[in-house]
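Close look at the chain arrangement
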Amino acid sequence: MRTNKYEIDMCNGSIMDKLLSFALPLMLSGILQLLFNAVDIIVVGRFSGSHSLAAVGSTTALINLFVNLFIGISLGTNVMAARFYAAQKEKEMSEAVHTSLTIALISGIIMVFVGLFFARPALQLMGTPDDVLDLAALYMHIYFLGMPFFMLYNFGAAVLRAVGDTKRPLIYLIISGTVNALLNVFLIVVFHMSVDGVAIATVVSQMISCILILHCLYTTQSCYQFRFSRLGIRQKYLKPIFQIGIPAGLQSTVITFSNTLLQSSVNSFGSISMAGYTAANNIFGFLYIAVNSISQTCMSFTSQNYGARKPKRMDRVLIDCLILQIIIPLILGSAVYIFSGSLLGIYTKDPDVIRAGIEILTYTSTTYLFCGIMDLFPGALRGMGHAAVPMILSVIGTVGVRIIWIFGFFPHHRTLSFLFISYPASWCVTIVMQVICYFFVRKKVYQQNSSV
């Protein structure tokens, strides 16, 4: 049911080339987003000092903790829209799109107030040092003003991904991200602003990307065409969206909570280690974007083929994605390990900060393929409509291991490198549980299709 050059037929023909055609623009979008975020960090670190750098970095885990639940709900939109599109249910597709965008708008408005009223208390709860607390709170207050734009863009992009279009969101990101980078330099270098300049630039770029994605949906002639007059929540679509979206969002939120605990442990080493973690965490972001892009590709392809009742093709999708999920992070992770000092040197020239960053990357870069494998199977399960059990397993495996590590082992071996061994340990434990869950669900799907 392809209606324009941007869409991909996920249910027929070869698979690997289509996976790459879908995943590479999605991956490039995420990498570009992180590059633009890296510009934020680099400009702040170079022109505003280590305190401003630490302030921006100390908000990352907390921002993710607040927004991941709502971003997870957009995955529910992706799965449901993909099924309706593959089944050629045009009326349901249109209603689902408008319900999802309404949820996005309401969620964004809620997040504005969450950021304004809870940012500073949450930062204090995390043990953010007093010398960066005011700057971190200021950054978050401004950042969260852009949440309505951020949510609408992400839900709109989820609709486009559902029909195989990852190229236009990439184009919109290039435009908005370029504005963000230029505005960063202008506000900080020319007007001598600090974290407030970075936050303002981010909000402006989010507004631009939101306008572009809504314009795309408005002008399309397909069944996912957007009209303001059709906005509203239709209750029959809430359940399928939330069945997938809320567990996915809770999974990300709870895992981010474990990262927030880890951030608190890093904070205990002082602002130098916090700055090192900020730079290393940005590098982690590039690795995660690569593996998560493949997982989202697997979810979208699985969802369409689930809607088209093609379970054998779903198996081929998973196998091809698993190949990509091993090769790509292994190459990228090895490169990060080899060039860690040079990469960290892009963010800061402080040798102590670079040393802290290298210590963090030592056991996490080359093992990142395990994170990719861990992330892949929940993607396939969500595509088949099962999100609750993978969420529970991820919480038990990832969060449980990290909490035990932080409170049980870390106090006796207080080094950054030992702290971050908890990453690969938690990934491996979670993989075992997710694989077992996947084969149980796969058996059930085959039985359902054989009885139809």
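Residues numbered from 1 in each chain as written. Predicted model: local features only at pLDDT ≥ 70, side-chain atom pairs only at ≥ 80, totals over all residues. Heavy atoms only, no water.

Scanning the protein from N- to C-terminus turns up 17 helices and zero strands. Taken over the C-alpha trace, the protein has a radius of gyration of 21 Å; the compact-globule value for 452 residues is 22 Å, and the two agree within 12%. Dimensions of the protein, computed from C-alpha atoms along their principal axes, come out at roughly 60 × 45 × 35 Å. In the protein, the proportion of contacts linking residues at least 24 apart, taken out of those at least 6 apart, comes to 86%. Element-wise, carbon and sulfur atoms account for 68% of the exposed surface of the protein, whose accessible area totals about 17,600 Å². Looking at the protein, you have 29 positive and 18 negative side-chain charges, and the mean spots of the two groups are 12 Å apart. (Helix = DSSP H or I, 4+ residues; strand = E, 2+ residues; numbered from the N terminus. Rg over C-alpha atoms; globule rule 2.2 N^0.38 Å. Contact = heavy atoms within 4.5 Å. Areas by Shrake-Rupley, 256 points an atom, 1.4 Å probe, with all protein chains shown as cover. Lys, Arg positive; Asp, Glu negative; His and termini not counted. Charge placed at Lys NZ, Arg CZ, Asp CG, Glu CD.)

With that settled, consider the nonpolar core. Grouped together as the largest cluster of nonpolar side chains are 71 residues, with contacts concentrated most on Phe-66, Met-111, Tyr-139, Met-140, Phe-144 and Tyr-224. With twelve residues, the top contributor of residues to this core is helix α4 (residues 90–125). Excluding its chain neighbours within four sequence positions, the residues that come into contact with Tyr-139 are Val-56, Thr-59, Ile-63, Val-195, Val-198 and Ala-199. Ranked by size, the runner-up nonpolar core spans 61 residues in total, among them Ala-280, Ile-373, Met-384 and Ile-431. (Core = buried A, V, L, I, M, F, W, Y, C linked by side-chain atoms within 4.5 Å. Buried < 20%, exposed > 50% of the residue type's maximum accessible area, 1.4 Å probe, protein only.)

All right, on to the pattern of salt bridges then. All told, the structure shown has six salt bridges when counted by the stated rule. For Lys-91, the salt bridge is made with Glu-95, and the minimal N-O distance between the two is 2.8 Å. You can see Lys-91 and its partner Glu-95 sitting in helix α4, four residues apart, about one turn around the helix. Here Asp-315 makes a salt bridge to Arg-442, at a shortest N to O gap of 3.0 Å. Of this pair, Asp-315 sits in helix α11 (residues 311–338) while Arg-442 sits in helix α17 (residues 422–450), and the two are 127 residues apart along the sequence. If you follow the salt bridges from partner to partner, you end up with Lys-91, Glu-95 and Lys-236 in one network. (Salt bridge = Lys/Arg side-chain N within 4 Å of Asp/Glu carboxyl O.)

Our focus in this paragraph is the confidence of the model for the protein. Summing up the model confidence of the protein, the mean pLDDT is 84 and the portion of residues at 70 or higher is 95%. Ranking the elements of the protein by mean pLDDT puts helix α2 (residues 50–58) last, at 69, and α11 first, at 92. (pLDDT = per-residue confidence, 0-100.)

Where nonpolar side chains cluster on the molecular surface, the patch consists of Leu-105, Ile-109, Phe-113, Leu-116, Phe-117, Phe-118 and Leu-145 and spans about 670 Å² of accessible area. Mapped onto the elements, Ile-109 comes out in helix α4. Judged by its relative accessible area of 41%, Ile-109 is partly exposed. (Patch = residues over 30% accessible without salt bridge, like charges linked within 9 Å, V, L, I, M, F, W, Y side chains within 5 Å.)

So, on to the packing of helix α7 (residues 167–190) against helix α8 (residues 195–219). Contact geometry for α7 and α8: axes closest at 8 Å, N-to-C directions at 155°. Accordingly, the angle class assigned to the pair α7 and α8 is roughly antiparallel. Crossing hand, α7 versus α8: right-handed. Within the contact between the two elements, α7 uses Arg-168, Pro-169, Tyr-172, Ile-175, Ser-176, Val-179, Asn-180, Leu-183, Asn-184, Leu-187 and Ile-188 and α8 uses Gly-197, Val-198, Ile-200, Ala-201, Thr-202, Val-204, Ser-205, Ile-208, Ser-209, Leu-212, Ile-213 and Cys-216. Of the residues in the contact of α7 with α8, the class split is 15 nonpolar, seven polar and one charged. (Axes fitted to C-alpha atoms, helices over the stretch in contact; angles between N-to-C directions. Parallel < 35°, antiparallel > 145°, perpendicular 65-115°, else oblique. Left-handed = near helix turned anticlockwise from the far one by under 90°. Nonpolar A, V, L, I, M, F, W, Y, C, P; charged D, E, K, R; others polar.)

A few words now on the packing of helix α6 (residues 147–162) against α7. For the pair α6 and α7, the least separation of the axes is 9 Å and the interaxial angle reads 150°. Judged on the interaxial angle alone, α7 and α6 are roughly antiparallel. Residue-level contacts link Tyr-153, Ala-157 and Leu-160 of α6 to Arg-168, Pro-169 and Leu-173 of α7. Its residues placed into classes, the contact of α6 with α7 shows five nonpolar, no polar and one charged.

Following the criterion strictly, the structure yields 19 aromatic pairs and no others. A ring pair is formed by Phe-377 and Tyr-438, whose centres lie 5.5 Å apart and whose planes are at 70°; its orientation type is edge-to-face. Within this pair, whereas Phe-377 is found in helix α14 (residues 368–383), its partner Tyr-438 is found in helix α17, the two being separated by 61 residues in sequence. Judged by its relative accessible area of 3%, Tyr-438 is buried. Pairing Tyr-423 with Trp-427 gives two aromatic rings, centres 5.8 Å apart and planes at 50°, and the pair type is tilted. With a gap of four residues between them, Tyr-423 and Trp-427 both fall in helix α17, about one helical turn apart. In this structure, Tyr-423 and Trp-427 share a single accessibility class: buried. Put simply, the rings of Tyr-277, Phe-284, Tyr-368, Phe-420, Tyr-423 and Trp-427 pair up and form one aromatic cluster. Arg-227 extends its terminal NZ or CZ atom over the ring of Tyr-218, reaching a point 3.9 Å from the ring centre. (Phe/Tyr/Trp six-rings, centres within 6.5 Å; stacked < 30°, edge-to-face > 60°. Lys NZ or Arg CZ within 6 Å of the ring centre and 35° of its normal.)

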